[in-house]
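# Observations on the three-dimensional arrangement
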There are 2 protein chains.
Amino acid sequence: MAWKRISDAVIRRLPLYLRVLEEVKDKQISISSQELGDMAGVRPALVRKDLAWFGEFGKQGVGYDVEFLQDELRKILHLDEPIHMALVGVGSLGHALARYHHRRFMEDPIFTIKLVALFDVNPNLVGATLDSIPIFHPDEIAAVVPDMDVQMAIITVPSDVAQETGVALAQAGVKAILNFAPVNLEIPGNVHVANADLSLELQRLAYYIGT
Amino acid sequence: MAWKRISDAVIRRLPLYLRVLEEVKDKQISISSQELGDMAGVRPALVRKDLAWFGEFGKQGVGYDVEFLQDELRKILHLDEPIHMALVGVGSLGHALARYHHRRFMEDPIFTIKLVALFDVNPNLVGATLDSIPIFHPDEIAAVVPDMDVQMAIITVPSDVAQETGVALAQAGVKAILNFAPVNLEIPGNVHVANADLSLELQRLAYYIGT
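Residues numbered from 1 in each chain as written. Chains lettered and ligands numbered in written order. Predicted model: local features only at pLDDT ≥ 70, side-chain atom pairs only at ≥ 80, totals over all residues. Heavy atoms only, no water.

### Focus on the relation of the copies chain B and chain A
Spelled out, the test is: Residues reaching a pLDDT of at least 70 in both copies supply the C-alpha atoms on which the copies are superposed by least squares. In this analysis, two residues are considered to be in contact whenever any of their non-hydrogen atoms come within 4.5 Å of each other.
Once chain B has been moved 0.0 Å along the axis and rotated by 180°, it coincides with chain A to within an RMSD of 0.0 Å. With respect to symmetry, the two chain copies, as superposed, fit the operation of a two-fold axis. When each C-alpha of chain B is compared by its distance to the rotation axis, A96(B) comes out closest, at 3.2 Å. Most of the interface of chain B is mirrored in chain A: 100% of its interface residues are interface residues there too.

### So, the domain arrangement of chain A
Our working definition: Bear in mind that the domain bounds are from an automatic or database domain assignment.
Along its sequence, chain A is organised into domain 1 (8-76) and domain 2 (83-201). Each of domain 1 of chain A and domain 2 of chain A was reduced to a C-alpha centroid, and the two centroids are 30 Å apart.

### Quick look at the sheet that holds strand β7 (residues 133-136) of chain A
Residues and elements named next belong to chain A. What counts is decided by this rule: Strands pair, by our definition, only if DSSP identifies at least two bridges between them. Per the convention used, a helix needs a DSSP run of H or I reaching at least four residues, while a strand needs a run of E reaching at least two, with both numbered from the N terminus. Helix axes are fitted to C-alpha atoms over the stretch in contact, other axes to C-alpha atoms as well, and angles between N-to-C directions run from 0 to 180 degrees.
Taken together, the seven strands give an open sheet; going across it, the order is β6-β7-β5-β4-β8-β9-β10, and neighbouring strands pair in mixed fashion. At either end of the open sheet lies a strand with only one pairing partner, and these are β6 (129-130) and β10 (192-195). Relative to β10, strand β9 (residues 176-179) is paired through four bridges, and the arrangement is parallel. Within the sheet, the bridge partner assigned to N179 lies in β10 and is N195. Against the sheet, helix α5 (residues 92-107) contacts β4 (83-88), β5 (113-119), β6 and β7, and its axis sits at roughly 150° relative to β5.

### Quick look at the pairing of strand β7 (residues 133-136) of chain B
All names here are of chain B. As paired strands, strand β5 (residues 113-119) and β7 are joined by two bridges and run parallel to one another. For L118, the partnering residue across the bridge sits in β7 and is I135. Across two bridges, strand β6 (residues 129-130) lies against β7 in antiparallel orientation. Each bridged residue has a counterpart across the sheet, and for L130 the counterpart in β7 is I133. Between β6 and β7, which pair antiparallel and follow one another directly, the connecting turn spans two residues, one of which, D131, has a positive phi of 50°.

### Points about the interface of chain B and chain A
Short version of the rule: By buried area we mean the combined loss of accessible area, with a 1.4 Å probe, across both parts when two parts are placed together. A side-chain nitrogen of Lys or Arg and a carboxyl oxygen of Asp or Glu constitute a salt bridge if their distance falls within 4 Å. N or O atoms closer than or at 3.5 Å make up a polar contact, with two conditions inside protein: a donor-capable atom paired with an acceptor-capable one, and, for residues adjacent in sequence, both atoms drawn from side chains.
On the chain A side, the residues contacting the 56 residues of chain B number 56 residues. Around 5,900 Å² of area is buried between chain B and chain A when both sides are counted, 67% of it from carbon and sulfur atoms. Of the charged contacts, one joins E201(B) and R12(A) as a salt bridge, the two residues approaching to 4.0 Å between their closest N and O atoms. Between chain B and chain A we count eight residue pairs in polar contact (both at pLDDT 80 or more) in total. With nine residues, the top contributor of residues to the side of chain B that touches chain A is helix α8 (residues 198-206) of chain B.

Okay, here's the thing in structure tokens:
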């Protein structure tokens, strides 16, 4: 697919556009790149450039058809059907993220990423549920991931076991990982890893306190 | 400052380089852009381009002096001296992030961003402490932020109060905000807002399950 070569920076903005479209869809049929950009916090020229990667969505002088663009962006992002996700590491952060995500999923009908399985080594948690999501031992990743058709995962385990957790998830068939452990994972194969490292994010933000 | 015009994408990679330098500093005096890039997950040409924004750090055939580059990057990111941070919204996510951050801060001597104040409307929390960090009512933001010299903040309040929280922090003098609420904040003045929206991050990641 041609999509493969599109940069992460472009992909990163698509969910922002999707959120704006959802916000305006009951109020208007079309939206200009100016309005879409203003609401998403992106320059209008960049909006046009981003969307041009995927086809001719806009009409000169009219803008984009809201519903059509919404459908197209959902297809591009694979959000047009449910995606099953797992979370490994139900410590304090994992627990909070699981609940936060589950609440979001229940409240937002267009949020299609469903948390279906949790993993933790704690024997008090294994076999229990959190918000009715079952908790398994990480040894069961190889069996549970294909069984439950899990395609994405969040890693919230301690740093020293993050690498083996990532490899186990990848070998079981997970295609995209959001890693909260403060280490760079080296995952074989065609698996996309995004680091949600709070420390890195804060260090990056620190740049702006002096500008 | 010339730095102002440097893109977010460049700034985003600097903490990655800093982490690599910290990792190798006891083992080697200099590092090539190839090695730095490999360890940070960035193309070597991009490493050289990124660092060239800030001056002539490298020497042809020798690479970068590890300690010198570390010092320079810390200065650029304002990580050469302590930064005080606040967190508003001590719910389940805020609580987990506060503990996660505090543990990181205590364990990592080069992590200079210190969480000094928490805010929450819950009367059971106001006046108490979490890991010995005091919890205030959000009404006290205007007083506490300048008093404690708070320059950065994390927002983990519910969506419907995120905007007013951001404005209160900005008016009190906060310069950079990491926002976990799933809304776009409109903050007046020269305040940098980064969205750490888990839902957006997952929607973006979903792109890669089909590639």
